[in-house]
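Chain by chain, the residues run as shown.
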Amino acid sequence: MSEPYPLYVVDDDEAIRRSLSFLLKTSGFGVQVFEGGLPFLKAAATLEPGCVLLDVRMPDMDGLEVQRELRARGVMLPVIIMTGHGDIDMAVAAMKAGASDFIEKPFEKATLLACIESARKQSIATRGLGARAQEAQARLNILTDREREVLDGLVEGLPNKTIAYDLGISPRTVEIHRANLMQKLEVRSLAEALRIAFHAVEGAPAQ
């Protein structure tokens, strides 16, 4: 028998957490609730692959901030944004930032379950086809803009002096950025760093 699909409800309203938990558990899901963005982020890296139901307006961190922080940490769980009346602009911004879907409160059970199923299928497809690219991109997200520019130059096969000239910095500064990016990516050779960059490009949308 397969394990219930995990759902993570993040909402500061206790009544909503309680009602959603009951609805989703009786629908066959595994449910874990969090009273805000900060406690959720503390646990996020250790959670099983599942789907996040994320309230957009919370006192500690709003849903967009939580979503950005998840991506920055390389946690690629699908996110469904739950919005109140008048929060559609925020929901649209969340979608542009990578949310799977958004749903406006109060919502019908069937609508919610359809959103979850869509996010689940999207997540499975992503893990199967683009998991390597997605993981690589998540690792690159921790680099600064300048470190990314240096890495891009290395991907193009340019020597440090050329990269330095193109960026208007000294070759020594390029060496420092190169050392820093390799440390952040936790690689021991330039070849390993380039492999991560190439894998991320594999998952980039076609231009």
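The structure under discussion appears in the preceding block.
Structure report, in brief. (Residues numbered from 1 in each chain as written. Predicted model: local features only at pLDDT ≥ 70, side-chain atom pairs only at ≥ 80, totals over all residues. Heavy atoms only, no water.)

A few points about the environment of Thr-144
No. 1: Along the polypeptide, Thr-144 turns up in the loop between α5 (109-140) and α6 (145-155).
No. 2: Overall, the relative accessible area of 36% leaves Thr-144 in the partly exposed class.
No. 3: Separated by 33 residues in the primary sequence, Thr-144 and His-177 place their C-alpha atoms 9.3 Å from one another. (Helix = DSSP H or I, 4+ residues; strand = E, 2+ residues; numbered from the N terminus. Buried < 20%, exposed > 50% of the residue type's maximum accessible area, 1.4 Å probe, protein only.)

Remarks on the environment of Ala-44
No. 1: Tracing the backbone shows Ala-44 in helix α2 (residues 37-44).
No. 2: Sequence separation between Ala-44 and Leu-77 is 33 residues; the distance between their C-alpha atoms is 8.9 Å.
No. 3: Setting aside residues no more than four positions away along its own chain, Ala-44 makes contact with Leu-70 and Val-75. (Contact = heavy atoms within 4.5 Å.)

Let's talk about the packing of aromatic side chains
No. 1: According to the stated counting rule, one finds two aromatic pairs in the structure shown.
No. 2: Ring centres 6.5 Å apart and planes at 65° place the aromatic pair Tyr-5 and Phe-29 in the edge-to-face group. Taken together, the residues span a long stretch of sequence, with Tyr-5 in the segment before β1 (6-10) and Phe-29 in the loop between α1 (14-25) and β2 (30-34) at a distance of 24 residues. The residues Tyr-5 and Phe-29 share a single accessibility class, namely buried.
No. 3: A ring pair is formed by Phe-34 and Phe-40, whose centres lie 5.2 Å apart and whose planes are at 70°; its orientation type is edge-to-face. Note on accessibility: Phe-34 and Phe-40 belong to one class, buried. (Phe/Tyr/Trp six-rings, centres within 6.5 Å; stacked < 30°, edge-to-face > 60°.)

Focus: unusual backbone geometry
No. 1: Cis geometry marks the peptide bond from Lys-105 to Pro-106; its omega dihedral reads -10°.
No. 2: If you trace the backbone, Pro-106 turns up in the loop between β5 (101-104) and α5.
No. 3: Of note, the phi angle at Glu-186 is positive, near 60°, even though the residue is not glycine.
No. 4: Looking at Glu-186, the relative accessible area reads 69%, which means it is exposed.

Considering α6
No. 1: Among the residues of α6, Glu-147, Val-150, Leu-151, Gly-153 and Leu-154 are the ones counted as buried. Take α6 and look down its axis: the buried residues cluster within an arc of 155°, on one side only.
No. 2: Within two residues after α6, Gly-157 carries a phi angle of roughly 80°, on the positive side. (Arc of directions from axis to C-beta.)

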